[in-house]
Amino acid sequence: MTDLTKIKAMQLATLDPANPLIISILENPAAFLAKTNGAMLLSLFFSSILDGVLLHQTYRYLRRYSGDTLFVKLLVASVLIVEAFRTVCDVHYSYHTLILKHGDLVDTLQHVTWSGNLNCMLWACISVLSHIFFIVRVSKIAPRFWIISVLATAFNLAQIATGIALGVRGFVLGGSAYLTESWEVAMGFTFSIVVDLLLSGALLTGLYKAHGHYKIISISEGITVYFVNTGLIVLVLDILGLAFALGASDTLYWAALNMVITKVYGTTLFSVLNSRALAATEDIKVDVFNKGETFRTIDQARRLATARQWNVPEVLSDHSDPLPPTINITVQTEREGDSMSAIDYDSMSKNEL
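Residues numbered from 1 in each chain as written. Predicted model: local features only at pLDDT ≥ 70, side-chain atom pairs only at ≥ 80, totals over all residues. Heavy atoms only, no water.

Asks: Before we go on, may I ask you to explain the overall build of the protein chain in this structure?
Replies: Looking only at helices and strands, the protein chain features 13 helices and 0 strands. Put simply, the protein chain runs from its N terminus to its C terminus through helices and strands in the order α-α-α-α-α-α-α-α-α-α-α-α-α. Residues classed as buried in the protein chain amount to 45% of the 353 residues present. (Helix = DSSP H or I, 4+ residues; strand = E, 2+ residues; numbered from the N terminus. Buried < 20%, exposed > 50% of the residue type's maximum accessible area, 1.4 Å probe, protein only.)

Now the structure itself:
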């Protein structure tokens with residue numbers, strides 16, 4: 001049976017012959033394969049580079065932040081496991097599509113390998129896991145930001161539900177689930193964009209109010225603080241993915257970009273973790289004279305330690321209020337045969353009183 005006969009048989013047996021998208025693909029299968037396979041190959045290269053960056057960030061995290069909380073450690077382990085499995089799925093899908101079934105439009109449209117269908121679910125899982133840290137981070141900026149964290153959590157749940165539904169449809173319907181129902185893909189990107197907007201907007205607001213605490217000494221540091229650590233880079237990529245899902249639905253450009261986006265989620269999370277003050281991950285020890293910082297209350301010191309542990313803009317540590325006076329009194333003990341030394345008031349300065 002020739003390729004053309006196989007395509008026609010597939011069209012009549014499994015695809016909707018009235019769908020204009022399917023008709024355009026079948027009329028020029030070479031163009032569809034060239035655009036889709038090329039984009040997948042390039043994305044695999046870029047995601048492999050980001051895998052190396054992620055491994056380097058993991059090494060730095062394990063060396064520097066061994067005293068982190070159990071919650072953060074479990075979150076980091078979960079992200080690494082899911083990212084590693086996503087890499088396995090990406091490599092398997094690319095090998096299956098680009099080598100074993102190269103140029104086979106029937107297999108591309110009718111049979112999507114298990115790794116390709118799982119990628120949609122893993123995309124949603126990695127996005128949700130990475131957003132968890134940012135949601136907690138935003139909730140600790142100030143009490144009024146809790147509503148943003150609640151909304152972000154709701155849209156996070158909607159995104160993972162969409163990713164699971166999309167993967168299940170892929171197992172049942174094959175490639176047509178991703179081509180004829182592009183609105184589901186668009187919904188997944190939309191939910192992620194809304195979460196990114198909420199979290200990035202809150203973090204940028206916190207940075208603006210705490211601008212006095214941050215002294216940017218280089219362009220690269222500014223990009224890290226305002227563009228990477230706030231999640232803006234993920235927001236830009238998600239918007240580009242939504243544009244591909246809606247404007248280039250006759251290709252799998254969105255799936256190719258998705259390979260890169262999932263790696264950017266992980267690298268962004270580790271960028272935030274590794275840019276924290278080293279002492280922030282140690283056991284909480286309140287020292288009111290630590291590094292020249294003076295706190296009005298022990299509670300304020302604890303809140304500042306929590307903020308630094310989650311890399312929160314230090315809006316809470318406002319030292320503009322006047323501090324209580326510090327009194328230093330030197331007392332010498334009386335020994336038998338010696339006269340009691342008087343309290344040395346003259347050594348106290350006016351500022352100390």
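So that's the structure; there's more coming.
Asks: Can you walk me through the packing of aromatic side chains in this structure?
Replies: Using the criterion set out here, one finds 6 aromatic pairs in the structure. With 6.3 Å between their ring centres and 85° between their planes, Phe133 and Phe134 make a pair best called edge-to-face. A single burial state applies to Phe133 and to Phe134, both of which are buried. Between Phe244 and Tyr253, the aromatic rings sit 5.7 Å apart at their centres with planes inclined by 65°, giving edge-to-face as the arrangement. Site record: aromatic cluster; members linked through ring pairs are Tyr61, Tyr65 and Phe270. (Phe/Tyr/Trp six-rings, centres within 6.5 Å; stacked < 30°, edge-to-face > 60°.)

Asks: Even after reading the chapter, I still don't get helix α10 (residues 219-228), so can you show me in this structure?
Replies: Helical periodicity: at 3.6 residues per turn, an α-helix aligns residues three or four positions apart in one direction. Those residues of α10 lying buried are Gly222, Val225 and Val228. The inward-facing, buried residues of α10 abut α9 (182-209), α11 (232-247) and α12 (253-274). (Contact = heavy atoms within 4.5 Å.)

Asks: Mind showing me how you'd approach the environment of Cys125 here?
Replies: With respect to the helices and strands, the residue Cys125 is situated in helix α6 (residues 114-139). When the C-alpha positions of Cys125 and Thr262 are compared, they lie 9.4 Å apart, and in sequence the two are 137 residues distant. Beyond its immediate stretch of four places on either side in the chain, Cys125 contacts Val82 and Ile160.

Asks: Explain the pattern of salt bridges to me, please; I cannot follow it from the model alone.
Replies: Pairs may arise between side chains of opposite charge once their charged atoms sit close together. Applying the stated rule across the entire model yields 5 salt bridges. The closest approach of N and O atoms between Arg86 and Asp90, which form a salt bridge, is 2.9 Å. In this pair, Arg86 and Asp90 are both assigned in helix α4 (residues 70-100), 4 residues apart and thus about one turn of the helix distant. Under the relative-accessibility criterion, Arg86 is labelled buried at 1%. Taken together, the salt bridges that share partners define one network made up of Asp51, Glu83 and Lys263. (Salt bridge = Lys/Arg side-chain N within 4 Å of Asp/Glu carboxyl O.)

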